[in-house]
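Chain and residue survey
What follows is each chain in one-letter form.
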Amino acid sequence: MSFLRIKVEGLALSKIGGLFIAGPIVAYFVPGPWQLIGAWIPTYWPAELFFVIEADSGFSVIAYFVVGLIFHLALMNIMVRIFIKRAD
């Protein structure tokens, strides 16, 4: 709970976190280039990788995996820095 100062903040963050579930759903129904609008949502990348594995094979699967991995590692780095800053 070191990311949250009060319980209300935690409740608000959990409600906003529920919106991340919409990313894969939107990615499935939206055509082509419009899907990249959801690329900033963390749950987009695993869902899109699943869709690419179903449709294609080879380089595109590896590319989506690498981009998603880099995106998640960058988010993790940001979160760890915030955690360390608030823990001190």
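Residues numbered from 1 in each chain as written. Predicted model: local features only at pLDDT ≥ 70, side-chain atom pairs only at ≥ 80, totals over all residues. Heavy atoms only, no water.

Looking now at the overall build of the protein chain. Along its length, the protein chain carries 4 helices and 0 strands. In the protein chain, the order of α-helices and β-strands from amino to carboxyl end is α-α-α-α. Relative to its length of 88 residues, the protein chain is extended, with a C-alpha radius of gyration of 16 Å against a globular reference of 12 Å. The dimensions of the protein chain, computed from C-alpha atoms along their principal axes, are 45 × 25 × 20 Å. Considering only residue pairs separated by 6 or more positions, the protein chain has 37% of its internal contacts joining residues 24 or more positions apart. As displayed, the protein chain has an accessible area near 6,900 Å², and 77% of this comes from carbon and sulfur atoms. Here the protein chain contributes 6 positively and 5 negatively charged side chains, and the mean placements of these two sets differ by 20 Å. (Helix = DSSP H or I, 4+ residues; strand = E, 2+ residues; numbered from the N terminus. Rg over C-alpha atoms; globule rule 2.2 N^0.38 Å. Contact = heavy atoms within 4.5 Å. Areas by Shrake-Rupley, 256 points an atom, 1.4 Å probe, with all protein chains shown as cover. Lys, Arg positive; Asp, Glu negative; His and termini not counted. Charge placed at Lys NZ, Arg CZ, Asp CG, Glu CD.)

Considering all chains together, one arrives at 4 aromatic pairs under this definition. Here the aromatic rings of Trp-45 and Phe-71 are separated by 6.5 Å at their centres, their planes lie at 50 degrees, and the arrangement is tilted. Taken together, the residues span a long stretch of sequence, with Trp-45 in helix H3 (residues 44-55) and Phe-71 in helix H4 (residues 59-87) at a distance of 26 residues. On the basis of relative accessibility, which here comes to 21%, the residue Phe-71 falls in the partly exposed class. Here a set of aromatic residues connected by ring pairs shows up, and it is made of Tyr-44, Trp-45, Tyr-64 and Phe-71. (Phe/Tyr/Trp six-rings, centres within 6.5 Å; stacked < 30°, edge-to-face > 60°. Buried < 20%, exposed > 50% of the residue type's maximum accessible area, 1.4 Å probe, protein only.)

Let us now look at a nonpolar patch on the surface. Where nonpolar side chains cluster on the molecular surface, the patch consists of Ile-62, Phe-65, Val-66, Leu-69, Ile-70 and Leu-73 and spans about 580 Å² of accessible area. Inspection of the secondary structure assignment puts Ile-70 in helix H4. By relative accessible area, Ile-70 is classed as exposed at 54%. (Patch = residues over 30% accessible without salt bridge, like charges linked within 9 Å, V, L, I, M, F, W, Y side chains within 5 Å. Salt bridge = Lys/Arg side-chain N within 4 Å of Asp/Glu carboxyl O.)

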